[in-house]
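What follows is the residue order along each chain.
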Amino acid sequence: NSDTATGKTGSSSDNKASQPSGNASQDEKTTAKSNVSGPSANKVSTANDKDDAAENLRQQRLDQARKYIDEGKYTQATAILNTLLKADPDDAEAQALLDEIQAKKDEAAAKDRQAKLDQARQNIDDGKYSQAITILNGLLKADPNDAEAQALLDEAKKKQELAEKDAAETARQQKLALARDYID
């Protein structure tokens, strides 16, 4: 028998049962993985531990960044998130938090701009043209293309000029009235 010559014994069905097939069940694969021992098992375990530790550190950093965002400490949050993105440029969660920070900054800037425009309008209405001009020049320094601020600045300057002319005319009329009183 050729099986005897090659060292194989038993029936062909016994040989098939003892040979691994390419269709091992999931339990057999899991058992095979869990039975891995020696240096290669330690390397796999160590690599998984490092991956877990790195993910835990990432999560801690993300949590700290969220805390800073909630406290309005955008600079600190941005620094943490930029560090995470430097390590992994594809970190969608870190990028989403950076986008959230930018949106909050943009919203705060828009509110601040609107408050300054409202204050400038009030100053114009109250005849406080110099104060309005100072506010509007500040807005235009930040955004030279701010058409609304430019229109208000032009209005404030025009009204200031008219007010100065009116004041000068009033002062002239008062001097003339005094001069007439002396003449009479």
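One can find the structure itself at the top, above this paragraph.
These notes cover the structure that comes with them. In this text the structure is predicted, and so the values were computed from the model without any measurement. For every chain, the first residue of the written sequence is number 1, and numbering continues from 1 onward in sequence order. Reporting in this predicted model follows two pLDDT cut-offs: at least 70 for local features of residues, and 80 or more for side-chain atom pairs to be given and counted; totals over whole chains, interfaces and linings ignore these cut-offs and use all residues. As a rule here, side-chain values cover all heavy atoms of the structure and leave hydrogens and water aside.

Overview of the overall build of the chain
Here is step 1: Secondary structure summary: the chain contains eight helices and zero strands in total.
Here is step 2: For every residue, the accessible area (1.4 Å probe, protein chains only) is compared with the maximum for its type, and the residue is labelled buried under 20%, exposed over 50%, or partly exposed between those bounds. Looking at the chain as a whole, 17% of its 184 residues qualify as buried.
Here is step 3: The contact definition used throughout considers only heavy atoms, calling two residues in contact when any of these lie within 4.5 Å. Within the chain, contacts between residues separated by at least 24 positions form 41% of all contacts whose residues are at least 6 apart in sequence. Secondary structure follows DSSP: runs of H or I at least 4 residues long count as helices, runs of E at least 2 residues long count as strands, and numbering of each begins at the N terminus.

Points about helix H5 (residues 74–87)
Here is step 1: Spanning 14 residues, H5 covers 20 Å between terminal C-alpha atoms, matching the ideal 20 Å at 1.5 Å per step.
Here is step 2: Taken as a whole, H5 has its buried residues at Ala77, Thr78, Ile80, Leu81, Leu84 and Leu85. Down the axis, H5 shows its buried residues gathered within 165 degrees of arc, on one side only. In H5, the exposed positions that point more than 90 degrees away from the buried face belong to Thr75, Lys86 and Ala87. By definition here, a helix of n residues has an expected span of 1.5 Å times n minus one. Directions drawn from the helix axis to the C-beta atoms are what define this arc.

Topic: the nonpolar core
Here is step 1: We define a nonpolar core as any set of buried Ala, Val, Leu, Ile, Met, Phe, Trp, Tyr and Cys residues linked to one another through side-chain atoms lying within 4.5 Å. Grouped together as the largest cluster of nonpolar side chains are 13 residues, with contacts concentrated most on Leu117, Ile124, Leu136 and Ala149.
Here is step 2: Examining the composition of this core, we find that six residues originate from one element, helix H7 (residues 129–142), more than from any other.
Here is step 3: Leu136 has contacts with Leu117, Ala120, Ala149, Leu152 and Leu153, leaving out every residue within four places of it along the chain.
Here is step 4: Judged by nonpolar contacts, the second largest core, of twelve residues, contains Ile69, Leu81, Leu84 and Leu98.

What to know about the side chain of Asp91
Here is step 1: Looking at the element boundaries, Asp91 is found in the loop between H5 and helix H6 (92–125).
Here is step 2: Using a relative accessible area of 4% as the deciding quantity, one classes Asp91 as buried.
Here is step 3: At 2.8 Å, the side chain of Asp91 forms a polar contact with the side chain of Arg58.
Here is step 4: The residues touching Asp91, leaving out its near neighbours within four places in the chain, are Arg58, Leu84 and Leu85. We define a polar contact as two N or O atoms separated by no more than 3.5 Å, with the added condition that, inside protein, one atom must be a possible hydrogen donor and the other a possible acceptor, whereas residues neighbouring each other in sequence contribute only through side-chain atom pairs.

Some words on the pattern of salt bridges
Here is step 1: Basic side-chain nitrogens of Lys or Arg form a salt bridge, by our definition, when they fall within 4 Å of a carboxyl oxygen of Asp or Glu. For the structure shown, the criterion picks out 17 salt bridges.
Here is step 2: A salt bridge links Arg58 to Asp91, with the shortest nitrogen-to-oxygen separation between them at 2.8 Å. Pair noted here: Arg58 is in helix H4 (residues 39–70) and Asp91 is in the loop between H5 and H6, with a separation of 33 residues, a long-range link. We note that Arg58, like Asp91, is buried.

Describing the packing of H7 against helix H8 (residues 147–183)
Here is step 1: Following both chains from N to C, one finds H7 and H8 inclined at 155 degrees, their axes separated by 9 Å at the closest point. Here H8 runs roughly antiparallel to H7, going by the angle between their axes. Viewed along their axes, H7 and H8 form a crossing whose handedness is left-handed. When H7 is examined against H8, the residues Tyr129, Ser130, Ala132, Ile133, Leu136, Asn137, Leu139 and Leu140 are found in contact with a partner set consisting of Ala149, Gln150, Leu152, Leu153, Ala156, Lys157, Lys159, Gln160 and Ala163.
Here is step 2: Under the scheme applied, nonpolar residues are Ala, Val, Leu, Ile, Met, Phe, Trp, Tyr, Cys and Pro; charged residues are Asp, Glu, Lys and Arg; polar residues are all the others, including Gly. Of the residues in the contact of H7 with H8, the class split is eleven nonpolar, four polar and two charged. Angles shown run from 0 to 180 degrees and are taken between the N-to-C directions of axes, each axis being a line fitted to C-alpha atoms and, for helices, limited to the stretch in contact. In this scheme, roughly parallel covers angles under 35 degrees and roughly antiparallel covers those over 145, while 65 to 115 is roughly perpendicular and the rest are oblique. For a crossing to be left-handed, the near helix must be turned anticlockwise from the far one by less than a right angle; the clockwise case is right-handed.

As for the side chain of Asp146
Here is step 1: Mapped onto the elements of the fold, Asp146 is located in the loop between H7 and H8.
Here is step 2: Assessed through its relative accessible area of 5%, Asp146 is described here as buried.

Digging into H8
Here is step 1: Along its 37 residues, H8 runs 54 Å from first to last C-alpha, staying within 8% of the 54 Å computed at 1.5 Å per residue.
Here is step 2: Looking at H8, one finds that the buried residues are Ala149, Leu152, Leu153, Ala156 and Gln160.
Here is step 3: In the core, the buried residues of H8 are packed alongside H6 and H7.
Here is step 4: The residue sitting at the N-terminus of H8 and contributing the capping side-chain oxygen is Asp146; that oxygen lies 3.2 Å from the backbone nitrogen of Glu148.

Description of the packing of H6 against H7
Here is step 1: Look at H6 against H7: their axes get within 8 Å of each other, and the N-to-C directions meet at 155 degrees. Taken together, H6 and H7 sit at an angle that is classed as roughly antiparallel. Between H6 and H7 lies a crossing whose hand is left-handed. Contacts between H6 and H7 involve Arg113, Lys116, Leu117, Gln119, Ala120, Asn123 and Ile124 from the first element and Tyr129, Gln131, Ala132, Ile135, Leu136 and Leu139 from the second.

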